[in-house]
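Reading the structure
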Amino acid sequence: MARSTTTFVCQSCGATYGRWQGKCESCGAWNTIAEETVATTGVGGAPAKGGKTRGRAFALAGLDGVNDQAPRTETQVGELDRVFGGGLVKGSVILIGGDPGIGKSTLLIQASARLARMGHRVVYISGEEAVGQVRLRAERLGLTASPVELAAETNVEDIVATLSEGVTPRLVVIDSIQTMWTDSVESAPGTVSQVRSAAQVLIRYAKKSGAAVILVGHVTKDGQIAGPRVVEHMVDAVMSFEGEGGHHFRILRAVKNRFGPTDEIGVFEMTGKGLREVPNPSELFLAGRDLGAPGTAVFAGMEGTRPVLVEIQALVAPSTLGTPRRAVVGWDPARLSMVLAVLDAHCGVRLGGYDVYLNVAGGLRIAEPAADLAVAAALVSSLSGAVLPADAVYFGEVSLSGAVRPVAQAAARLKEAKKLGFTKAVVPEIARGEMSEAGLSVQAVTGLSTLVADIAASGVGRDRPKAAAGA
Ligand code: TYD
Ligand code: MG
């Protein structure tokens with residue numbers, strides 16, 4: 001017997017309440033709680049009568065069994081495969097989230113077309129666009145010759161019934177999960193219970209059939225539609241597709257991945273003809289560098305297994321405000337506060353009366369503490385007006401005591417710097433073996449104060465007064 005119960009569910013985090021309230025106590029969001037009706041039939045059949053459940057005995061297996069599954073299928077979109085961990089795993093479910101308009105549909109239709117051209121069955125279900133619109137996009141991208149099977153459908157039971165006919169698809173794209181609905185739940189599509197139940201049906205299909213399923217999820221700030229958060233724990237991998245407005249670069253980042261690493265990124269560029277892979281992101285992030293201006297330092301970073309060189313830009317300007325401004329794009333603001341405090345306490349660099357702006361060029365977001373040294377160098381350079389050498393890279397973690405600590409994969413960072421024509425590296429004391437990159441002069445610094453003194457000294461003879469600063 002189906003019985004309906006009414007609950008109030010936060011559309012942002014999925015917390016449930018007995019009655020409506022303005023603010024979700026779980027995630028702190030306002031006006032995200034909506035009424036939902038759930039038909040409570042037992043999952044996978046009706047509950048047994050008399051309150052007792054009788055289970056079915058099943059066979060247990062050992063760890064050393066043989067897997068009959070072909071491990072992975074490469075999509076041939078290199079940047080995508082890199083983030084997936086080497087290709088699509090059979091029966092896996094991947095959630096790709098991102099802002100509306102960032103390029104999720106474009107990425108997935110391109111990947112679908114590649115796979116289909118290799119002879120795999122690929123089904124693309126669009127819940128947002130009509131078949132004609134998807135075709136129009138494919139035409140623009142020059143993909144119409146690829147045998148991708150299209151449909152504009154939103155009912156998951158119908159979708160699973162359709163997919164179960166014929167050859168099992170290698171890939172099924174559901175664009176987007178927020179438009180899907182299932183018969184078993186009465187709420188409107190896009191609510192937490194619909195998104196969750198629809199995802200459950202599709203995940204069950206993936207596990208049973210062995211088809212890889214990619215779910216697209218929109219992320220919105222106002223919580224009008226349930227965020228992809230509510231299905232994150234049910235899927236095998238969660239990716240986010242990001243980009244700064246105004247930049248053409250798009251970065252695919254793995255947030256969770258049961259079948260691969262979570263620190264790899266895939267870099268794309270949005271062009272008039274769809275997304276283009278960027279196999280060498282450093283060249284892209286360093287393009288158009290403003291040489292000869294103070295306040296910029298090149299950071300030799302790592303994104304997963306790949307070194308990425310990126311320019312760190314800092315601007316330090318006298319503040320007219322009681323509390324000076326600290327604005328950061330692409331880096332952790334708490335980390336900036338820490339570097340500022342260390343500069344103040346151990347190096348005599350007082351920035352209390354200055355506004356500080358920090359920007360990572362190209363729209364990249366850096367999470368590594370290894371960027372501390374480059375950030376400190378850029379800050380001191382901006383303050384003193386001393387231009388840092390254009391052919392130098394910086395990396396190293398700064399500790400609260402003002403020491404510069406070693407970071408992982410120094411050799412890979414130095415190699416990339418060398419490859420891109422840099423001749424100097426300012427780094428922590430590292431193993432001698434890693435320093436022997438030919439043609440690169442490596443300067444090891446043990447304390448941040450040494451670096452500050454070096455930069456300040458280089459600025460002196462140069463006679464480059466800070467414009468307008470002292471006036
Ligand atoms: P889309 O893939 O529809 O985004 P999402 O599915 O994440 O909502 O991408 C839409 C944006 O991409 C739109 O602003 C136009 C732009 N775009 C290009 O610049 N070039 C192209 O070839 C395509 C197809 C889209
Ligand atoms: Mg879309």
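Refer to the structure above for everything that follows.
Residues numbered from 1 in each chain as written. Chains lettered and ligands numbered in written order. Predicted model: local features only at pLDDT ≥ 70, side-chain atom pairs only at ≥ 80, totals over all residues. Heavy atoms only, no water.

Concerning the overall build of the protein
When helices and strands are tallied, the protein shows twelve helices and 23 strands. Relative to its full complement of 471 residues, the protein shows a buried share of 48%. Residue pairs in contact within the protein that sit at least 24 positions apart in sequence constitute 67% of those at least 6 positions apart. Here the protein displays about 22,400 Å² of accessible surface, and carbon together with sulfur accounts for 53% of that area. (Helix = DSSP H or I, 4+ residues; strand = E, 2+ residues; numbered from the N terminus. Buried < 20%, exposed > 50% of the residue type's maximum accessible area, 1.4 Å probe, protein only. Contact = heavy atoms within 4.5 Å. Areas by Shrake-Rupley, 256 points an atom, 1.4 Å probe, with all protein chains shown as cover.)

What about the packing of helix α8 (residues 333-347) against helix α9 (residues 372-384)?
Remark: α8 packs on α9, axes separated minimally by 10 Å, with the N-to-C direction vectors making an angle of 60 degrees. Between α8 and α9, the angle falls in the class oblique. In this structure, α8 crosses over α9, and the sense of that crossing is right-handed. Side by side, α8 and α9 meet where Arg-335, Leu-336, Met-338, Val-339, Leu-340 and Leu-343 of the first sit next to Asp-372, Val-375, Ala-376, Leu-379 and Val-380 of the second. Per-class residue counts for the contact of α8 with α9 are nine nonpolar, no polar and two charged. (Axes fitted to C-alpha atoms, helices over the stretch in contact; angles between N-to-C directions. Parallel < 35°, antiparallel > 145°, perpendicular 65-115°, else oblique. Left-handed = near helix turned anticlockwise from the far one by under 90°. Nonpolar A, V, L, I, M, F, W, Y, C, P; charged D, E, K, R; others polar.)

Remarks on helix α10 (residues 410-419)
Listing the buried residues of α10 in full gives Ala-410, Arg-413, Leu-414, Glu-416 and Ala-417. All buried residues of α10 lie within an arc of 160 degrees about the axis, which places them on one face of the element. Seen from the buried face of α10, the exposed residues on the opposite side, beyond 90 degrees, are Lys-415 and Lys-419. Downstream of α10 by a residue or two, Gly-421 has a phi angle that is positive, lying close to 90 degrees. (Arc of directions from axis to C-beta.)

Some thoughts on the pairing of strand β11 (residues 237-242)
Counting buried positions along β11 gives five out of six residues, so the element sits mostly inside the fold. Looking at chain direction, strand β6 (residues 93-98) and β11 are connected through four bridges and run parallel. Along β11, the bridge assignment pairs Ile-96 with Met-239. (Pairing = 2+ DSSP bridges.)

Considerations on the sheet that holds strand β12 (residues 249-257)
Taken in spatial order, the nine strands line up as β8-β7-β9-β10-β6-β11-β12-β13-β14 in an open sheet, and their pairing is mixed. Unpaired on one side and paired on the other, β8 (149-151) and β14 (274-277) mark the two borders of the sheet. Each strand axis lies, on average, 25 degrees off the axis of its neighbour in the sheet, ignoring direction. Sheet topology note: the β12/strand β13 (residues 265-271) ladder contains five bridges and is antiparallel. Of the residues in β13, the one forming a bridge with Ile-251 is Val-267. Packing against the sheet, helix α2 (residues 104-117) makes contact with β6, β7 (122-126), β8, β9 (171-175), β10 (212-218), β11, β13 and β14, and its axis sits at approximately 155 degrees to β7.

What to know about the environment of Val-308
Secondary-structure assignment places Val-308 in strand β16 (residues 306-318). By relative accessible area, Val-308 is classed as buried at 2%. The sequence separation of Val-308 and Glu-416 amounts to 108 residues, and the corresponding C-alpha distance is 7.8 Å. Setting aside anything within four residues of it in sequence, one finds Val-308 in contact with Pro-281, Ser-282, Phe-285, Phe-299, Ala-300, Gly-301, Met-302, Glu-303 and Leu-364.

A word on the packing of aromatic side chains
Where two aromatic rings form a pair, the distance of their centres and the angle of their planes describe that pair. For the structure on display, the rule yields two aromatic pairs. On the basis of an interplanar angle of 75 degrees and a centroid distance of 6.0 Å, the ring pair of Phe-241 and Phe-268 is categorised as edge-to-face. Of this pair, Phe-241 sits in strand β11 while Phe-268 sits in strand β13, and the two are 27 residues apart along the sequence. Comparing Phe-241 with Phe-268, the two get one shared label, buried. Judged by centre distance (5.8 Å) and plane angle (85 degrees), the rings of Phe-249 and Phe-285 are edge-to-face. (Phe/Tyr/Trp six-rings, centres within 6.5 Å; stacked < 30°, edge-to-face > 60°.)

Topic: unusual backbone geometry
In terms of backbone geometry, most residues other than glycine have negative phi values and most peptide bonds are trans. Note the cis peptide between Asp-175 and Ser-176, where omega equals 0 degrees. One can find Ser-176 in the loop between β9 and α5 (192-209). Positive phi, close to 55 degrees, is recorded for Asn-31, a residue that is not glycine. Along the chain, Asn-31 turns up in the loop between β2 (16-17) and β3 (33-39). By relative accessible area, which is 58% here, Asn-31 ends up exposed. A positive phi angle is found at Gln-409, which is not glycine, with a value near 55 degrees. Taking the relative accessible area as the measure of exposure, Gln-409 reaches 41% and is therefore partly exposed.

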